[in-house]
Amino acid sequence: MMRYLDVLRVFFISFFLTLLIPNIESIAKQKNNFSSDLSSLNVNNKSENNDLKIKLNLDNLEDFFKKNNEEIRIYKSKIEQAKSDFKSQLALWYPKLILKSTNLPSYVSGQSSNNKTNESNSTDTFTKSLDINLEWDLIDFSRNPNIKISKLNLDKAKLNYKIKYRELYKEILEIFFKFKSSNEEIKVAKQAIALSEISLKDAKERFKAGIGNKLEVLEADNQLRKDQKFLARKIGDVKKNKNLLIYKLNLNNEDVVLDKSKLNISGIWTTSLNSSLEMIINEREEFKNLKIDQLINKNNRYLKSSVMKPKVSIYNTYSISAITGESGVVSPDTSKSTQSEENTVGLKFSWILFDGGNTRQNYKSSKEKEKELEINFSVVQEQIINDIRNQFIDLDVSMKNLLKSYQQIIFAKEALDLSLMRLKAGVTNQREVIRNLSELTDSKSKYIQDITNYNINIEQLKLDTGIKKI
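Residues numbered from 1 in each chain as written. Predicted model: local features only at pLDDT ≥ 70, side-chain atom pairs only at ≥ 80, totals over all residues. Heavy atoms only, no water.

A.B. asks: Can you help me understand unusual backbone geometry in this one?
C.D. replies: Glycine aside, residues mostly have negative phi, and peptide bonds are mostly found in the trans state. The residue asparagine 250 is not glycine, and still its phi comes out positive at about 55°. Looking at the element boundaries, asparagine 250 is found in the loop between α6 (214-249) and β5 (256-258). Since its relative accessible area comes to 39%, asparagine 250 is described here as partly exposed. (Helix = DSSP H or I, 4+ residues; strand = E, 2+ residues; numbered from the N terminus. Buried < 20%, exposed > 50% of the residue type's maximum accessible area, 1.4 Å probe, protein only.)

Given below as structure tokens:
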């Protein structure tokens, strides 16, 4: 029941926000000292080329990220590498055709003599030969494990891409919301400066009329400078967030502007914690990755044990050669030549009967690795479940903060109105008005920050649980 009431509260906040918060921008009548900085940030920029710029919003943000982010491209490349490796391992099923030669060509010359017979022979030959060998492994116990491991590595590369995609996009969303939040706070700062300028002007007039004092003028001037510092800080935040967002999206700084939509809540999370946990245990890529690691380890065990199993291959070797000259004669005739060709078909067989215990130790190592992976699965599972629980806690806190900060705006506005009426009636001083002006600015700034935190929590939960509909 309490959860349902919280949902209703947030819904009514988003609906009545524009009605309940008064628009006081019309109060600003003096030119702001920071207008040149704001125009350089494209905040409310109305240049003729604005239609040609990229307008970033929550709807097209992911498209730019998917297309332009350099880190995502790296993981896409890793998938292509794994595909090529898998295809190369499939080639183990096919025969190999080998062309080789040790005489392409070769020249041999020399003499030999016998002291007992006083005979001497000479050699003078020019040889050309070529071998063509067709070989096909009929029995090879290492072939299947190699192919399965490469296929599992391809599946793992795809899962790693999804994991990295989620991590990077969460970061992009957080930057985007902070960028939008900073822009909203600039508007609050401008409104605060406008009110502070009016308050300072009023304090000076009251001081000249003899109904105020110098302290009120100094405090009003100090409040104006605080608001100007607040504006300068938010301008800096906008610049940094924009630069970081453009860097992550690999875009041109001059071609990007932020959409002018209002900062509203992203939605209401209605799926329970238990339902969310059930979904991620079955769907999260980290769990699938760990299961793949277990399968890779199993196939590695088969691969290492295949060393001790027989290997049978069929082969066909065709050889041709041509020799010019003679060998081992008294006077070689270099004009003589001989040619030959030969074709051999047969089976090859090899079997390592003893390897000093290497295979046995590899098997034991693989079994220990299996235990490690099982423990690691449990550790990662608990870590992810704990992260989701913490995100639900953060969401609940941000929702409550959002409600409280909205109430603070209403109370601060009411306090400001009362202090203005009290000032006109002469029952208070300018200092009370200045204090209430400061509290109104702070409450608006905190409200924007709370909306931002709430939206970040919602979007992160959507990505981490895979639940898109909220």
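A.B. asks: I would appreciate a short explanation of the environment of lysine 291 in the present structure.
C.D. replies: Tracing the chain through its elements places lysine 291 in helix α8 (residues 285-305). Spatially, the C-alpha atom of lysine 291 lies 9.8 Å from that of lysine 156, the residues being 135 residues apart in sequence.

A.B. asks: Explain the packing of helix α3 (residues 61-68) against helix α5 (residues 143-209) to me, please; I cannot follow it from the model alone.
C.D. replies: Between two packed helices, both the angle of their axes relative to each other and the distance between the axes serve to describe the pair. The geometry of α3 relative to α5 is characterised by a closest axis approach of 11 Å and an angle of 130° between their N-to-C directions. Between α3 and α5, the angle is such that the two are oblique. Of the two possible hands of crossing, α3 and α5 adopt the one that is right-handed. Touching Leu61, Glu62, Phe65 and Lys66 of α3 are Tyr161, Tyr165, Leu168, Tyr169, Ile172, Leu173 and Phe176, all from α5. Of the residues contributing to the contact of α3 with α5, the split by class is nine nonpolar, no polar and two charged. (Axes fitted to C-alpha atoms, helices over the stretch in contact; angles between N-to-C directions. Parallel < 35°, antiparallel > 145°, perpendicular 65-115°, else oblique. Left-handed = near helix turned anticlockwise from the far one by under 90°. Contact = heavy atoms within 4.5 Å. Nonpolar A, V, L, I, M, F, W, Y, C, P; charged D, E, K, R; others polar.)

A.B. asks: I tried to follow α8 on my own but got confused; where do I start?
C.D. replies: For an α-helix the count is 3.6 residues per turn, leaving residues at separations of three or four pointing the same way. End to end, α8 covers 30 Å across 21 residues, agreeing with the expected 30 Å (1.5 Å per residue, within 8%). Restricting attention to buried positions, one finds in α8 the residues Glu285, Glu286, Phe287, Asn289, Leu290, Ile292, Asp293, Ile296, Asn297, Asn299 and Arg301. Packed against the buried residues of α8 are α5, α7 (273-283) and α9 (358-425). (Expected span 1.5 Å × (residues − 1).)

A.B. asks: Got a minute to help me understand the environment of asparagine 183 in this structure?
C.D. replies: Relative to the helices and strands, asparagine 183 is located in helix α5. Its relative accessible area of 10% is what places asparagine 183 among the buried residues. Taking the C-alpha atoms as reference points, asparagine 183 and lysine 260, separated by 77 residues in sequence, lie 9.6 Å from one another. Engagement of the side chain of asparagine 183 in a polar contact is seen with the backbone oxygen of phenylalanine 179, the distance being 3.0 Å. (Polar contact = N/O pair within 3.5 Å; in protein donor to acceptor, adjacent residues only side chain to side chain.)

A.B. asks: What should I look at first to understand a positive patch on the surface in this one?
C.D. replies: On the surface, a cluster of positive charge is contributed by Lys158, Lys162, Lys288 and Lys291. At the level of elements, α5 and α8 are the ones that each hand at least two residues to the positive patch. Residue classification places lysine 162 among the partly exposed residues on the basis of a relative accessible area of 45%. (Patch = residues over 30% accessible without salt bridge, like charges linked within 9 Å, V, L, I, M, F, W, Y side chains within 5 Å. Areas by Shrake-Rupley, 256 points an atom, 1.4 Å probe, with all protein chains shown as cover. Salt bridge = Lys/Arg side-chain N within 4 Å of Asp/Glu carboxyl O. Lys, Arg positive; Asp, Glu negative; His and termini not counted. Charge placed at Lys NZ, Arg CZ, Asp CG, Glu CD.)

A.B. asks: Is there a simple way to explain the confidence of the model for the chain in this structure?
C.D. replies: Note: predicted coordinates in regions of low pLDDT should not be interpreted at a detailed level. Mean pLDDT over the chain works out to 83, with 87% of the residues at or above the 70 mark. Contacts for the low-pLDDT stretch residues 1-50, under 50 throughout, to residues beyond four places or in other chains number 62 contacts. (pLDDT = per-residue confidence, 0-100.)

A.B. asks: Hey, could you run me through the nonpolar core in this one?
C.D. replies: Most often, soluble globular proteins keep nonpolar side chains buried together rather than apart. Counting residues in hydrophobic clusters, the biggest one holds 69 residues, and the most contacted among them are Leu61, Phe65, Leu245, Leu249 and Tyr454. Tallying contributions element by element places α5 first for this core, with 19 residues. In this structure, leucine 61 is in contact with Leu56, Tyr169, Ile172, Leu173, Phe176, Leu245 and Leu249, ignoring residues within four places of it in sequence. Of all hydrophobic cores here, the second largest spans seven residues; its members include Leu195, Ala412, Leu416 and Leu437. (Core = buried A, V, L, I, M, F, W, Y, C linked by side-chain atoms within 4.5 Å.)

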